[in-house]
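# Structural overview for review
So the chains spell out like this:
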Amino acid sequence: MYEQTIRSAVECSGIGLHSGAPVHLRILPAPSNTGIVFRRTDLDGFEVEAVGRNVARVSYATSLMKKGVLISTTEHLLSAFVGMEIDNAIVELDNLELPILDGSAQPFVDLIRRAGIRKQRRARSYLRVLRSLELREGNKFIGVYPSDRYSVSYTIDFPHPLIGRESRTLELTNGQYVKEIASARTFGFLHEADIMRQQGLIRGASEENAIVLTREGVVNPPLRFSDEFVRHKILDLVGDLALIRRRILGNVVADRAGHAMHTALVSRLLRDQSSWEEVTANGDDFEAYAPPERPAAPLS
């Protein structure tokens, strides 16, 4: 397995989910070992790396901050990069928040497909989990366990007739992310909207970029999947765990977690280096690994 980037630049425009501000976004190819780097073109090209040490706000979205410069709501694009196996890219934007587009990762997947994918010469490195790590907070839980592949199991529980307790497991191989997860949209409850807007949130939310739920049903049907809600949580988790900056070889299990716990797991993994090892793949065999031939960039 080798690192990959896009073949050519692609761009899109939209508004931020929480800021409501217009934003233009451009994705550029990047050299091997760059990782994902956000560049604020409205701030003299200031760059913020998509890595765990730059995690900032994590209440209703995952944002990054470096020297006071904010990049907000990164999870959907980062999720698409993982799902499409893009390791290196520069993401330019002219405002603080990425565009929400349709509320899923599908528009970003489509952009990557339009750009094309180019294999690079550097072997891709992986974070192989060696021992279990678990985090609990009340009834919320997230853990990661040793495995030869990257899989995610997520459970949510909302007191709503269309949701309730939903669970889904996904193995991130053979295009399953694009087929099963990428198009699942973010969602919110109409009765919470006013309070959230008073808190400076969801100013850009609409029926075009989110599933809007009343207490009994959906304002803007149909759903794309009967369990679209838990699928979107998997989408978010995959994007948040991209901040490890290495592909995971492990089984991630989450129950009623959320962005704060996702990123807490990132921090815990990066801090507890005895719980994993860094490996590279031999050729295209996903189950055979060897140590890196030369030191990789720092994980954090």
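Residues numbered from 1 in each chain as written. Predicted model: local features only at pLDDT ≥ 70, side-chain atom pairs only at ≥ 80, totals over all residues. Heavy atoms only, no water.

### Things to note about the pairing of strand β10 (residues 125–129)
The two faces of the sheet receive side chains in turn, since in a regular strand these alternate between them. With 4 of 5 residues buried, β10 lies mostly within the body of the structure. Judged from the 3 bridges that link them, β10 and strand β17 (residues 247–255) form a sheet pairing that is parallel. Residue pairing in the sheet places R128 in a bridge with L249 of β17. (Buried < 20%, exposed > 50% of the residue type's maximum accessible area, 1.4 Å probe, protein only. Helix = DSSP H or I, 4+ residues; strand = E, 2+ residues; numbered from the N terminus. Pairing = 2+ DSSP bridges.)

### Overview of the side chain of S151
Checked against the element boundaries, S151 lands in strand β13 (residues 150–158). The residues touching S151, leaving out its near neighbours within four places in the chain, are L170, E171, G250, N251 and V252. (Contact = heavy atoms within 4.5 Å.)

### A short note on the environment of A264
Secondary-structure assignment places A264 in helix α6 (residues 259–271). In the structure, A264 is positioned 212 residues away from G52 in sequence and 9.3 Å away in space, judged by C-alpha atoms.

### Overview of the confidence of the model for the protein chain
Low pLDDT marks regions whose predicted coordinates should not be analysed in detail. Mean pLDDT over the protein chain stands at 93; residues scoring 70 or higher make up 94%. This model gives residues 283–300 a pLDDT under 50, and the stretch forms 47 contacts once residues within four places in sequence are excluded. (pLDDT = per-residue confidence, 0-100.)

### Regarding the packing of helix α1 (residues 75–83) against helix α5 (residues 228–241)
Two elements in contact, α1 and α5, have axes whose closest approach is 7 Å; the angle formed by their N-to-C orientations is 80 degrees. Relative to α5, α1 is oriented roughly perpendicular. Where α1 abuts α5, its residues E75, H76, L78, S79 and V82 lie against H232, L235, D236, V238, G239 and D240. In the contact of α1 with α5, the residues fall into 4 nonpolar, 4 polar and 3 charged. (Axes fitted to C-alpha atoms, helices over the stretch in contact; angles between N-to-C directions. Parallel < 35°, antiparallel > 145°, perpendicular 65-115°, else oblique. Nonpolar A, V, L, I, M, F, W, Y, C, P; charged D, E, K, R; others polar.)

### A word on the nonpolar core
The biggest cluster of nonpolar side chains holds 71 residues, and the ones touching the most others in it are I27, F38, L77, F81, Y150, Y177 and V252. Top contributing element to this core by residue count: α5, with 7 residues. Other than its neighbours up to four places away in sequence, L77 contacts L25, I27, F38, V91, L98 and F108. Formed by 5 residues, the second largest nonpolar core is a distinct cluster that contains Y126, L249, V279 and A281. (Core = buried A, V, L, I, M, F, W, Y, C linked by side-chain atoms within 4.5 Å.)

### As for the sheet that holds strand β3 (residues 22–29)
Spatially, the 5 strands line up as an open sheet ordered β2-β3-β8-β4-β5, and their pairing is mixed. Of all the strands in the sheet, just β2 (10–15) and β5 (46–49) have a single pairing partner and so form its edges. Averaged over all adjacent pairs, the angle separating strand axes in this sheet is 25 degrees, with direction ignored. With 6 bridges joining them, β2 and β3 adopt antiparallel strand pairing. Looking at β3, one finds that G14 is bridged to V23.

### Overview of the pattern of salt bridges
Considering all chains together, one arrives at 21 salt bridges under this definition. When the shortest N-O distance is used, the salt bridge between D102 and R224 registers 3.0 Å. One end of the pair, D102, is in the loop between β8 (89–93) and α2 (106–115); the other, R224, is in the loop between β16 (211–213) and α5, and 122 residues separate them in sequence. D102 gets classed as buried once you look at its relative accessible area, which sits at 16%. (Salt bridge = Lys/Arg side-chain N within 4 Å of Asp/Glu carboxyl O.)

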